[in-house]
Amino acid sequence: MTHRPAPGRPVPTSTYRLQITPTFGFADAAGEAAYLDRLGVSHAYLSPILRATDGSEHGYDVVDHARLNRDAGGRKAFQKLRDALSDRGLGVIADVVPNHMAVPEPEWRNRQLWDVLKHGRESRFARWFDIDWEAGPVLLPLLGDTLDNVLRDHDLVIASDGGESGDEAVLRYYDHEFPLCPGSETMPLAECVAAQHYRLSLWRDGQERLTYRRFFDVTSLIAVRVEDPEVFDATHELLLELMRGGRLDGLRIDHPDGLTDPRGYLRRLAKATNESWVVVEKILEGEERLPDDWQCAGTTGYDALLRVGGVFVDPSAEGPLTELWDEWGGGGHSLDEVISSAKAYVARHVLPAELARLVRTLVRLFPQFPEDALRRSVRAMLVSVERYRAYVVPGEPAPEESVRILDEAYRHARPLVQKWDKDALKAVRALAVGDATGVADVPDADALVRDFQVRFQQTCGPVMAKGIEDTAFYRYYRLVGLNEVGGDPGRLGVSPDELHEFFESQQRDWPTTQTTLTTHDTKRSEDVRSRLAVLSELPEEWRGWVTRAHELADPHRAGLDRPTEYLLWQTLVGAWPIDAERAKTYATKAIREAKLHTAWVDGDPAYEAVVMGFLDGALADAAVTAHIEAWVARTASATRSNLLGQKLVQLTGVGVPDVYQGTEVVQLTLVDPDNRAPVDFTALDARLARLDKGKSPRDVDDEKLLVTSRALRLRREHPKWFVGDKASYVPVPTTSPHALAFARGKGDGVAECVTVVTRMSESLSAAGGFGDSFVRLPKGAWRDLLTGAAYDSTKVPLGELLAQLPVALLVREH
């Protein structure tokens, strides 16, 4: 049964994501309440609000669940924000991080973790953290050298704290401080260090020897056991207090697949919040659907992003773009092959600590198999699972879909292991679905089986995320605008019928889910993707352009490999205008994430210098920049059509649309940190005020702001047309493949507004325009909110309707 938020707390009609930082705190956000109100949003949607590490630019590194972020102004400033929004009738949604906390550097004042390090398993907070105590003391890989060398050089000393804890004796390593277990402060230094409940070690050791679960491969984020009711209550007490007091109206849950029991967590949260609006950052692969027993409103919208953006990509370009990518270095490898290779690399080199913990459990359960055979088998299964999680719950029969996913993974894994490992692989597969046949009669065997089932699934997510989004998508460059979170670069284009089917199913099953086009995590903004989508309409022109670009940049190449060069050309045309520093920041991240020529650890400075030199030279070359500008000008009309079209489809489609800060106008940004730059709200407010005075749009920024504000205001004025299971979504027929239309209204079947957008406008122009094509509107009189034009016919020519703008938002005249 699909969850519906309780009627006592209004569901948002839209949200506006604000990144709370030390330089844009709660009080700063309060100052933008009037603008958000005029824009038309119903709820401000804040990045994590709890106390994070000092100077945190994102807030996901929480250190104290009992306090609000002091860098953002703390409780007093948050109340100012809440009051400013409430005065305007606006609500607040907050991002929540239940899966992990920070291991702060250099400030060790995570109170619960400090106590665990001081008292070990006897700490009253020991149950908070997912630590493998059987593997030994908590490993803290923070030293710049081996422990022996650090002791030899006297870099580690016993000192007096004199800080938050009073005059407490601590171990000090430069700016880092660590607690001492009781009675150890009088020991000789070497004995004192050995007596602790933690082990200080070289920073490299964390990759293979870590003894606590972390967030993906981030050693500075330690997993929290919110499945424990006491831990849930303590970590959510402040948030629930704010919810009960009406100072928060909903929550966004970060990375639910990392939790021991996502379903159980959401049930507990729904009960504690009186079933308020809650969405989850769940990445759905392909046609995967959100588990229908999750008590939430839906996802954060990457599933919608894939389909809304995809409808503006021309599938006929698959052949030409594949051929071109092969010429530039694709090597004929399919995306599936690239993903398999990338996931294998991640399982072996990025997540060996997580793999080792699984193997330790398997060795105890299956002593009949060699340890290496079990390691190879579980690694092959992890590489082969094509979901972030299979949702097998220990103690319950595995759902049919979960069994199918794991059986498919088993079939894919078999060729990845040696023939003498086949029985070990079969045992791993059986254990993953809950079949304990063949396990050894060892103490706590049942607990070990449950532990493996959960940890195997918790490891699938990191292998998927790091293997696909953070490796394969930085290696496969056929059309990089498709290389997005939750995306499928192996498939070009989504048909209008597929988009309609998706929205219809969402209206039926998840009518208050969130939708998005840009987030703080997307690889490219919606507008960069709109510009790159045009490549699918002009594959042969693009081939000629990039060939000429290669020739013009020859003096700056100095050994640059062709695949990376091809990525950079797409990046430059997608984000233009872009200066060398922004381009180099992006390129550094991209080539390190690819892990082919360099990496974040043990990288190749010489290779990186080649890439940076290419960008410096190319962007200082007038002939190269003129060539880029020529392409951007050539495709400007199609880009405009795409970016306005996908924005209007998202804003009026099924679900609660989020507008990421600043994307109400054109934002040609790349992956973080590029997409987290400050927003000039004063300029945005001035633009909006001008449009509200009836002035005509001057440029595409104005047009996008017009589309965004009018759609958001319409949603807020008429929530029953758009939000909840009483709203309706009905495809509206057009006689052109270059137009997509749908109607929204109340559940009585009467269409109250109609969205019409242009798609694939380059091929439309090549065909001579819309000609006599038309959209068949429901009976009645209609007015376009964007242009003011009126229509009273059921058969409206598309060429007339979309003459002024490539999109229309028609509202029934009563």
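The structure we're discussing is the one just above.
Just so you know, these numbers come straight off a predicted model, no measurement behind them.

I'd like a description of the nonpolar core, backed by residues and values.
One finds Y16, I49, L248, W542 and W569 to be the most contacted residues of the largest nonpolar core, which totals 194 residues. The contact partners of I49, leaving out residues within four places of it in the chain, are F26, L68, N69, F78, A94, D95, L239, L242 and L248. Among the nonpolar cores identified, the runner-up in size contains 38 residues, and L374, M381, L431 and F452 belong to it.

For the sheet that holds strand β13 (residues 218-223), give the residues involved together with the corresponding values.
Overall, antiparallel pairing links the 3 strands, which are arranged β6-β13-β12 in an open sheet. Edge positions in the sheet fall to β6 (100-102) and β12 (214-215), since each has one partner strand and no second. Relative to β13, β12 runs antiparallel, the two being bridged by 2 bridges. Its bridge partner lying in β13, R214 is registered against I222.

Explain a negative patch on the surface residue by residue, including any values.
A surface patch of negative charge is lined by D336, E337, E386 and D488. Mapping E386 onto the fold places it in the loop between α14 (371-384) and α15 (400-413).

Give a detailed account of the side chain of Q650, specifying residues and quantitative values.
Positionally, Q650 belongs in helix α26 (residues 636-652). Sequence-distant contacts of Q650, that is, excluding residues within four places in its chain, are made with V308, T515, T516, L517, P657 and D658.

Tell me about the packing of aromatic side chains, residues and numbers included.
Tallied over the full model, the rule gives 28 aromatic pairs. Seen in terms of ring centroids, F502 and F503 are 5.8 Å apart; in terms of plane orientation they differ by 45°. Their pairing is tilted. Grouping residues by exposure puts F502 and F503 together as buried. With a centroid separation of 5.0 Å and an interplanar angle of 35°, the aromatic rings of Y729 and F742 are classed as tilted. You can see Y729 sitting in strand β19 (residues 727-731) and its partner F742 sitting in strand β20 (residues 739-746), a full 13 residues away along the chain. The burial state of Y729 is the same as that of F742; both residues are buried. Directly above the ring of F774 sits K795, whose terminal nitrogen or CZ lies 4.6 Å from the centroid.

Run through the sheet that holds strand β10 (residues 176-179), naming residues and quoting values.
Pairing is antiparallel across the open sheet formed by 3 strands, whose spatial order is β8-β9-β10. At either margin of the open sheet sits one strand with a lone partner, and together these are β8 (156-160) and β10. The sheet shows a mean angle of 35° between the axes of neighbouring strands, direction not considered. Against the sheet, helix α4 (residues 111-119) contacts β9 (169-173) and β10, and its axis sits at roughly 60° relative to β10.

Quick rundown of the packing of helix α19 (residues 526-533) against α26? Include the residues and the values.
One way to put it is that α19 packs onto α26 with a least axis distance of 8 Å and a crossing angle of 130°. With respect to α26, the axis of α19 lies oblique. For the crossing formed where α19 meets α26, the hand is right-handed. For the pair α19 and α26, contact is made by E526, D527, S530, R531 and A533 and by T639, N642, L643, Q646 and K647, respectively.

Tell me what's going on with the environment of L202, and back it up with residues and numbers.
With respect to the helices, strands and loops of the structure, L202 is situated in strand β11 (residues 198-202). Sequence separation between L202 and F770 is 568 residues, and the spatial gap between their C-alpha atoms is 66 Å. Residues in contact with L202, not counting those within four places in the same chain, are P141, L143, G144, D145 and T146.

The rules behind these values
- Residues numbered from 1 in each chain as written.
- Predicted model: local features only at pLDDT ≥ 70, side-chain atom pairs only at ≥ 80, totals over all residues.
- Heavy atoms only, no water.
- Core = buried A, V, L, I, M, F, W, Y, C linked by side-chain atoms within 4.5 Å.
- Buried < 20%, exposed > 50% of the residue type's maximum accessible area, 1.4 Å probe, protein only.
- Contact = heavy atoms within 4.5 Å.
- Pairing = 2+ DSSP bridges.
- Helix = DSSP H or I, 4+ residues; strand = E, 2+ residues; numbered from the N terminus.
- Patch = residues over 30% accessible without salt bridge, like charges linked within 9 Å, V, L, I, M, F, W, Y side chains within 5 Å.
- Areas by Shrake-Rupley, 256 points an atom, 1.4 Å probe, with all protein chains shown as cover.
- Salt bridge = Lys/Arg side-chain N within 4 Å of Asp/Glu carboxyl O.
- Lys, Arg positive; Asp, Glu negative; His and termini not counted.
- Charge placed at Lys NZ, Arg CZ, Asp CG, Glu CD.
- Phe/Tyr/Trp six-rings, centres within 6.5 Å; stacked < 30°, edge-to-face > 60°.
- Lys NZ or Arg CZ within 6 Å of the ring centre and 35° of its normal.
- Axes fitted to C-alpha atoms, helices over the stretch in contact; angles between N-to-C directions.
- Parallel < 35°, antiparallel > 145°, perpendicular 65-115°, else oblique.
- Left-handed = near helix turned anticlockwise from the far one by under 90°.

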